[in-house]
Amino acid sequence: MAARDSDRFTYRLWRYDGAQGELIPLLQSAQDHFGYIPRRAISYISSVTGIPESDVYGVITFYSQFRLQPMGKYLVRVCAGTACHVSGAKMIIETVQDELGIEVGDTTGDGLFTLNTVACIGCCSLAPVIMVNDETHGRLDPASVRKIIRKYKRAEEETRREESVATCDDET
Amino acid sequence: MKKVIVGMGTCGLSAGAQAVYDKLDEILKEHPGTFSLSHTGCIGMCYREPLVEIRENGCRTIYGEVTPDVSDEIYKEHIVDGKTLSDHVVYSIDSAGDCGGSEADYLELQKRIVLRNCGTCNPESIDEYEAAGGYEALRKSLLKMKPGDIIEEIKNSGLRGRGGAGFPTGLKWSFAAQNESDIKYVVCNADEGDPGAFMDRSVLEGDPHSVLEGMIICGRAIGASSGYIYCRAEYPLAIHRLTIAIDAARAKGYLGKNILGSGFDFDLKIKQGAGAFVCGEETALFASIEGKRGMPRIRPPFPAEKGLWGKPTNNNNVETYANIPWIIANGSEAYAAFGTEKSKGTKVFALAGKVVRGGLAEVPMGTTIHDLVFKIGGGIKQGKGFKAVQMGGPSGGCIPAAMDETQVDFESIPATGAIMGSGGLVVLDETACMVEIARFFLDFTQSESCGRCTFCRIGTRRMLEILTRISMGEGQSGDIEKLVEFGEQVREASLCGLGQSAPNPALTTIRYYRDEYEAHIKEKCCPAGSCTALVDFYIDPEKCTGCTLCVKKCSVEAIAGERKEPHTIDIEKCVRCGQCISSCKFEAVYTK
Ligand SMILES: Cc1cc2nc3c(=O)[nH]c(=O)nc-3n(C[C@H](O)[C@H](O)[C@H](O)COP(=O)(O)O)c2cc1C
Ligand code: FES
């Protein structure tokens, strides 16, 4: 998968025909591939398109979609749209912060979770809502959101344990 | 043969529609040929998702809150034995047109023009769209009408832009048509920035072809041969379905060279937004399509003169385009028969917040807020009191319950200080604090301000600071007057619609709920009991299990109690940080 994504990014760059307005799509494919936009991708894009690096950087920082830092394995997005806000999103955000021990915008030390807020996921009738990667969870309260985060944590611990068992097996 | 259709818009999917579809698919593999399986976009009854419809000989039965187990029952009882599972039916219509089911009245007041195919057609099938009369309007406008006739027809229909401002669409098209140029563009604004609105997304996910058809007709009318759809990147499913629709339309010759042998060429591209509210403003949107920072510029020149890449451009909202094929096919008179004198047709609303039936509702213009909230929305959740509706999101305002006889149209809503907006309608109950609502929206606009003009950049920040301190109980006398003064200046002096409308949430709440602001400032209390800094925390001894978690969380040692005994909070020591509420697993902590 990773190899194909990488091909797609370089393919896009290589295919770049000088058409106007391709900067944002190029940045999007870079982010799809790397998970964020690394320095080298910026200079890469700049050298191919002839757009100064400073301008590329300006576009990156303007749009909230782009990240200059790598992201955790699980992206937790708490909806802070109007419907969720009036249904207690603040409490949900505080609970997730407490459970993960990080603030909005940060990534946990083990690189597993990144916490962000978004404006409306589009299922307001299930408010309050969170998304963990592509899975949406609705009709939450502090207790149930804690349970959901713990479920991901536990799943992660189990795979880690299995992996360490596997390496132990290898050693014996 | 019975046709089984699963509602698979974003609302359905997040309620678990995929598992239901997979289960039905499995059943179908075990018993091939017993029914046919398909999927559709949002039917509108988001509050009962996942929905499954069974269709046979003109009869429709829609089941709500379907789980994989229920779908098993549906197969055994309904599909095999032909019996309906009456407990789960939310809506049904028999061949004579009689409606039944627990939610029959949800659709009663509605008139579906924009949503005509949402929830009935498979959005990934161009054949189903054609079978429902799709692309007939395009055929008519290419082969039987002159560009001028199309514009006349749209003008006569009275259609006004659904993106918020309500500019007459026919007139807008005529401006773009008049300007001579080798290249012109048709742009569809699918940025849907209002955080709490999802009409455009549901149309794109549920009926993408109607938007494409509207855009192609517009291209013909103004003489443009290429178009862009600017869609939020947060809407991956909409982008996916649009891509499928564009490819299918191209394969059938509705896009490309010499469409339907008329000699007219037109093609479309999708551009993904990248998460900036201001890019919903049309000049910022053009800058974003051009690959730049999405900053608005001063108008004039208007897009009809100098738009995308400096060429004449027509930009409309998703819902505006989705109306076009219906108007061309049914005639402007049929359209103008709906609505009020100055606002014709229908409007789609995304009902959300503290309303029982949250979902999509399309009603004729002029329907009252009361009907929307109570007849369609089913009233307020948990039997609480109705306080206000918020319309138009961050650019809009709150309309109090006492004014719920206000009609929704482009004249009556702005008269209240709110705006029509794109159709987000968030219902607030008695627990909503109006200062907090204003603070919430200003927080949003302040962080989305692109920073280009001073009034918007700094004015919104000063307003946010004042609102924040009022909700923290640190408001000073004179703060309300300052908010009004700043608000009016920001409104007057900002460059684009974002700044010009940003003060609306604060100004309308001050207009209707000044006493609430005063209570925060003078008495340091929040009448709605919502601002945590101004309420006291208590523990319900019935619910408290004595787990001691809150004791550990409390940073000021304000909570006392033995293990397995109900705890108590010392109000004198409490700093109202709210940690106990969010840490309690039993919802035993409450505020008063
Ligand atoms: C800050 C701001 C945000 C906007 N967001 C949207 C939006 O999300 N969708 C939209 O269709 N129009 C939005 N508009 C309005 C557009 O600028 C434009 O008026 C509209 O797309 C025109 O289409 P219409 O004539 O069909 O309404 C926004 C305007 C402003 C000032
Ligand atoms: S406001 Fe949260 S999903 Fe819409």
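Just so we're clear, the structure is a prediction, and the values are computed from it rather than from any experiment. (Residues numbered from 1 in each chain as written. Chains lettered and ligands numbered in written order. Predicted model: local features only at pLDDT ≥ 70, side-chain atom pairs only at ≥ 80, totals over all residues.)

## Considering the overall build of chain B
Across its full length, chain B carries 23 helices and 19 strands. For chain B, the proportion of its 592 residues judged to be buried stands at 56%. For chain B, long-range pairs separated by at least 24 residues make up 71% of all intrachain contacts whose partners lie at least 6 apart in sequence. (Helix = DSSP H or I, 4+ residues; strand = E, 2+ residues; numbered from the N terminus. Buried ≥ 20, exposed ≤ 12 C-beta atoms within 10 Å, placed from the backbone. Contact = placed C-beta atoms within 7 Å.)

## Re the overall build of chain A
Secondary structure summary: chain A contains seven helices and four strands in total. Reading the helices (α) and strands (β) of chain A from amino to carboxyl end gives α-α-α-α-β-α-α-β-β-β-α. For chain A, buried positions account for 33% of its 172 residues. Contacts spanning at least 24 positions in sequence make up 59% of the contacts within chain A whose residues lie at least 6 apart.

## Some details on the site of ligand 1
All names here are of chain B. Around ligand 1, the surrounding shell holds 22 residues, and the nearest of these are Gly161, Gly163, Gly280, Asn317 and Gly497. Among the secondary structure elements, those contributing two or more residues to the shell around ligand 1 are strand 10 (313–317) and helix 20 (497–501). If you tally residues by element for the shell around ligand 1, the top one is strand 10, at three residues. Among the residues making up the shell around ligand 1, the classes are represented as five nonpolar, twelve polar and five charged. In terms of domain composition, the shell around ligand 1 takes at least three residues from each of domain 2 (126–335) and domain 4 (434–522). (Near = placed C-beta within 6 Å. Nonpolar A, V, L, I, M, F, W, Y, C, P; charged D, E, K, R; others polar. Domains from an automatic or database assignment.)

## Focus on the domain arrangement of chain B
Residues and elements named next belong to chain B. Taken domain by domain, chain B holds domain 1 (2–106), domain 2 (126–335), domain 3 (346–429), domain 4 (434–522) and domain 5 (536–591). Distance from the C-alpha centre of domain 1 to the C-alpha centre of domain 2: 33 Å. At the interface, five residues of domain 1 touch six residues of domain 2. Looking at the side of domain 1 that touches domain 2 residue by residue, the classes come out as one nonpolar, four polar and no charged.

## Considering the pairing of strand 8 (residues 226–231) of chain B
The two faces of the sheet receive side chains in turn, since in a regular strand these alternate between them. Residue and element names in this part refer to chain B. Of all six residues making up strand 8, five are buried, and the element is well covered by its neighbours. Across six bridges, strand 7 (residues 185–190) lies against strand 8 in parallel orientation. For Asn189, the partnering residue across the bridge sits in strand 8 and is Tyr230. Both strand 8 and strand 9 (residues 267–272) contribute to a ladder of six bridges, which runs parallel. Residue pairing for strand 9: Tyr228 is matched across the bridge by Lys269. (Pairing = 2+ DSSP bridges.)

## Things to note about the interface of chain B and chain A
Contacts between the two partners involve 43 residues from chain B and, on the opposite side, 36 residues from chain A. Listed by contribution, the elements that provide at least two residues to the side of chain B that touches chain A are helix 1 (10–14), helix 12 (282–289), strand 11 (346–353), strand 15 (424–429) and helix 23 (579–583) of chain B. For the side of chain B that touches chain A, a count of residues per class yields 18 nonpolar, 17 polar and eight charged.

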